Amino acid sequence: MSNLEIGFDQPWYLSLLALIPLLWIFSYRSLAGLGNIRRLLALGLRTLVLALIVFALAEVQLLRTSDKVTVNYLLDQSESIPLEKRQAMLDFVIKAVRDHRNDARGDLAGVVVFGRNATIEIPPFDDDILVLGGLESHVNLRSDATNLSAALKLAQASFAEGSSKRIVIVTDGNENLGDARSVAAALAEDGIGIDVVPVKLTTRSEVAVERVMMPSDVRRGQPMETRVVLNNYSEQTVAGRVRFSRRVGLNDEFLGEIDVELEPGKRVLSFADKIEDPGAYTYQADFIPNDAEDDLMTQNNRATAFTHVRGKGSVLLIEDWQNAGEFDYMVERLRANDIEVDVMSSDSLFTSLAELQAYDSVILANVPRSSGDDAQSVSSFTDQQVAMLVRNTEQMGCGLLMLGGQNSFGAGGWSNTELEKAMPVDFQIKNAKIRAVGAVAMMMHASELAEGNHWQKEVAKKAINALGPMDYCGLIHWDGDDRWLWGEPQGIVKVGNRRTMMLARLGRMQPGDMPEFEPGMRKMLASFQRVNASVKLMIVISDGDPSPPTSSTLARYKKAEIQVTAVAVGTHGPAGHKTLQKVASVTGGRYYVVKDPRALPKIYVSEVRRVARPLIDELDPPVRPEITYPHEILQGIEGQLPPISGYVMTTLKENPLVEVASVVPTKHDPKNSTILASWTYGLGRTAVLTTDAGHRWALWKDWENYDKFFSQLVRWSMRPVNDAGKFAVATDVKDGKVRAVITALDKDDEFLNFLNMAGSATSPDLESFDIKIEQVAPGRYVTEFDADKDGNYFLTISPGSGYAPLRTGVNVPYSSEYRDRETNMALLNALARMKPKDGEEGVLIDGDLGANDFGSLLDVNSFRGDLAPAVSSQDVWPLFLVLTAGLFFADIFVRRVTVNFDWVLPAVAWIRSKVWQTETTQDVDQVLDRLRSSKAEVSGQIDERRAAARFAPSDEDLEDRGGRSLDDLVEGQTASAENAAAGRRPATPMGPDAAEEESYTSRLLKAKKQAWKDQPDKQD
Amino acid sequence: MPVRLAAASCLVSGLLAAAGCDGVGGGTGHVEHVWGRRGLSDGRLQKPRAMAINQQDQLYIVDTTGRIQAFDRDGQFLHGWRTPEIYAGKPCGLTFDRDGNLLVADTHYFRMLVYTPAGELLQERTIGGECGHEPGQFTFLTDVVRDTEGNYFICEYGDYDRVQKFSPEGEFILQWGSHGSEPGQFVQPRTLAIDEHDHVWVTDACNHRIQVFDASGAEAKLVRVWGRQGREPGQLRYPYGLALDGKGFVYVAEFGNSRVQKFTIAGEYVSHWGIPGRQEGELNKPWELAFDSQGALHVLDTYNHRVQRIRM
């Protein structure tokens, strides 16, 4: 169903065709000598050559026009749409495609689902849509917002070339991220049509807690009023209760409950409370309906607010859940020194930046990035939690300390994280003199896990990033053969500066269905044996159906001390587990069974951390670290620190802000032997102590300065205190904007004016941005910014020189996704009315997704052909150039070579005689006779000429020449001529022609003789 | 001159014809028909993994969606059905027995199922259903065949790469094979075939060889073993499919080399056909072979989601 046409990419070059008449004018006369036919032929060829060159310059293309249509269905899976309608969307698409897709034309259909993000469920494909077991993309889809513009962009990118394109959007139109109109306008410009299926939202029983209001900064014991705004959107009274609670640090406190009967509309409840203990408090109000049918959406039933009561310093210590209690002694001593310490286990980590606001410093006490022994128990700091720690320091001024141990720094898998950037040392060793530390090889086998390829790439990416530059890494996948993804033939190569290359190649990896483990494992074993690494680890991810490796191969792995960690995903029942379990157990590795692919990255980080062990430098005998700089932390501590028996090697950052307080003298470069270092990062301070705090390496409990050292270390890192002025910050959220009002007074309660205030805010997704603060009245400053995301926004405000930063937070309780209850028809109409270039406007497809068989929704054919036909082009100008070269040769040939056609008639006669055997014998004889007579005649003529050319001098000549010498001259020729005449044919008498030739020869001889005569005279 | 040209053309054509080369694909053989498109709807294929042809020359194909679909000789869709469960995995082996019923190796459910050609499950004839290594238990079943006496032979891989023999009533008779590369051992036996002597042919896929057994007695005897790993003609890489033509030749589909090779019964290389690729006459990891009643060889071109009918 496609047509071919010729087109030009640079059509203005076609104006050169005007040269053709000139060519004729100038060439016509110059080619006159060729005769009419050849002249016309030559001119024709020249014209063609010129025309083809012009076409090539104009970049001639072959245009293929197709009437095929591709329809991409965009399904809104956000929470604002009732679940049953979200589920019905896919059924609608299946039926619509089955009813309307034109198979003969090769129409394609695809599905994109979207919420906060968008993902391709089914790429455009020339078949009906059949989905087995519902939507798969739910695994990665966040449904707490509507980002229609992202879905439109993704759909545009997924269209295949060579067909007309249409998008069918199934949505309620309540977008709260992005701008669909502008994206749709760009799509229309590209000729992409848009149909819209509005999802009609019916009036639902709905109550929402709109917000909690309270002062952001209160004094100890000060009574305060907390107000809660509720909104009943339904048309009847709803009964329920409002529960108040507050959270300080890690503790939740229940404050009370109020029974309420909510009339339609808004209602404000107030609740009195006072705070006796200092800290950062989060107040929370929850609405619980008596009848769940009265409030269908539960996501909007909670709102929170913050307040802060300043007291003495408070610290959060995070320890590894597998080594709980390791820092109990240090915690006890800090508490004894008036520092409040909360201990948090790494398997129940903070979930928001708000939780960290209660603390002035956070201590990561020998805690690894990821830990655990199986897929269920493995826990790790997510990228987001790491970012929260860093933002808390950089933007909010909180301290951040890392204490050493076997699970910290590089040995804890913290390399290449944001945390590393925030610390005064790098966690990787960039020193070539230090031996390679670890080697990791990964084996990837395609599995039937949803988005298996995506997850395999994700885990490999995590693993590569967790390795240091001196570590080794290799990856084998099946591509018809077991192949290394990089570094052939060694396979396992040093990460070094190849990290970017490795990550780039991951993007192109397409693991196939590996039949057996044996060849790949042998290949890996050979490569491992060439690598000089202290720790060697293989990680295999598979569904367990390749044939297992032989026992001898496993034994060789064990002998070479290479552990194999097996990760089972989408295994085929118990049989699938056996192979992987055996591989792991024989080699001493771990075995993970993964049901939720989101656990995979944690497992990989946890496993790869094991190869980083050699970063630990254990000292025997123990060595005393030297104090290299009189740091504030070491104030009052003289001489050396007590001996230590180990520390984690790091690399000192080359930055003048870094202060190195202590180094341990070892064989290593001092840059890798830091014990205590600090610097300022953003608004906060960070410090590292690379030995531990008394559990294994630094047995300092009996050291008289133990309390002083650790309390000074912690206090140094804490947030600064503001006592130079009185600042009050009030915040509010309205119409999608956060507004903060700062009132500034000095110690005498006089307004502070003309302060050079600046600030920054951190959004719920931890993006930081600067805010502009303006003075609007005496002592009153205001800032305002968009808050289009739900969650906590934190503000840090610097009042100016001499004042410590202020910080506050504001909560946007839930996404507007949970606030919209009506279909946004204005937007949907606008989208459908977009007129695609060279096509017709889209259709607003009216109907009910909940109806049986979808009613009128199926009446509209979205595969209709009212869009601009798709045109795909192929450059053919190189072909034209080749053709030109051929024609140019032909032109020269015609002009330079005269072709004789005399052979044509005999050839025709010969062919006729061969092909048409019907000629009579008489005819043949006659022809033969003619040929024979012609032959005889021609032979006679030739003989005559030969005879005439024979050299036969006359007597007169002989006499003139003196006989002897002339005989010598002509003897041979005469003899041979006579012999030839005697042997071949009878002598022929000389005719008039021969006489004529003889006289010519005589004349020549005379001339010669005269010449010889003249010579002696001249000599004489 | 024209005579010379004509003569040269005739000579080249004659040589090509004598070599059996049709200008498509590699090696010897020619394509008769290619059919099949990727997809999920009826008549489409999604990585088809096993195929069997009945006496009416109807092709039954199972793919990675778990559908068993029936087609006529030219690829026209006839009907289809699914096995009872597919969550843990899909069947990998199909064979027609002499009664015209379809034997299905339900790989990940540790059992052999029997269906009528119309797709009706003959529940009472199911063998297996439990994972394990005891007689009558299985790990990953890959293929099933019946001999002239109606005995079943079922091969499997995993921890216990072996072949089990069952009576026509489904009673366990004997077993042989284990995981390994010695003669008589297997690493992933993929396909079974029965010859006119009731010998059992096994493609020992990851050992890259073919083994033939006489299992008519109290224990199975190794009759013949041949094949070694490689890419050259006569060598094998992951032989998955096998078909006997009844004329003294055996045909092997290689998953690893993407080609079909023809051998004598003794394992002597005769010819090959197919090169890796996506064009007509090219193969992308074929899994299965089957002859129809007209002597044409059907090749299940798995990763091209299609079937190629050839003669070689």
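The following refers to the structure shown. (Residues numbered from 1 in each chain as written. Chains lettered and ligands numbered in written order. Predicted model: local features only at pLDDT ≥ 70, side-chain atom pairs only at ≥ 80, totals over all residues. Heavy atoms only, no water.)

A word on the sheet that holds strand S8 (residues 111–115) of chain B. Residues and elements named next belong to chain B. What the 4 strands build is an open sheet, ordered S6-S7-S8-S9; its pairing is antiparallel. For this open sheet the edge positions go to strand S6 (93–96) and strand S9 (127–128), each flanked by a neighbour on one side alone. Pairing of strand S7 (residues 102–106) with S8 involves 5 bridges; the strand directions are antiparallel. The partner of Leu103 across the bridge, within S8, is Val114. (Pairing = 2+ DSSP bridges. Helix = DSSP H or I, 4+ residues; strand = E, 2+ residues; numbered from the N terminus.)

Contacts between the two partners involve 29 residues from chain A and, on the opposite side, 37 residues from chain B. Interface area for chain A against chain B, summed over the two sides, is near 2500 Å², with a carbon-plus-sulfur share of 51%. At the junction of chain A and chain B, the tally comes to 6 salt bridges. The residue Asp481 of chain A makes a salt bridge to Arg231 of chain B at a minimum N-O spacing of 2.6 Å. Counting the contacts that link chain A with chain B gives 12 residue pairs in polar contact (both at pLDDT 80 or more). Among the elements that line the side of chain A that touches chain B, the one with the most residues is helix H14 (residues 573–587) of chain A, at 6 residues. Tallied by class, residues from the side of chain A that touches chain B come to 11 nonpolar, 7 polar and 11 charged. (Contact = heavy atoms within 4.5 Å. Buried area = accessible area lost by both parts, 1.4 Å probe. Salt bridge = Lys/Arg side-chain N within 4 Å of Asp/Glu carboxyl O. Polar contact = N/O pair within 3.5 Å; in protein donor to acceptor, adjacent residues only side chain to side chain. Nonpolar A, V, L, I, M, F, W, Y, C, P; charged D, E, K, R; others polar.)

One pass over the structure, following the stated rule, counts 53 salt bridges over all chains. With a shortest N-O distance of 3.4 Å, Glu618 of chain A and Arg696 of chain A are connected by a salt bridge. Of the two residues, Glu618 of chain A is situated in strand S29 (residues 616–623) and Arg696 of chain A in the loop between strand S35 (684–689) and helix H16 (706–717); the sequence distance between them amounts to 78 residues. Since its relative accessible area comes to 42%, Arg696 of chain A is described here as partly exposed. With its nearest N and O atoms 3.1 Å apart, the salt bridge here joins Glu654 of chain A to Lys671 of chain A. Of the two residues, Glu654 of chain A sits in the loop between strand S32 (651–652) and strand S33 (659–663) while Lys671 of chain A sits in the loop between S33 and strand S34 (674–681), which places them 17 residues apart along the sequence. What makes Glu654 of chain A exposed here is its relative accessible area of 71%. Where salt bridges share partners, they join Arg101, Asp103, Asp126, Asp127 and Asp128 of chain A together with Arg37 and Arg44 of chain B into one cluster. (Buried < 20%, exposed > 50% of the residue type's maximum accessible area, 1.4 Å probe, protein only.)

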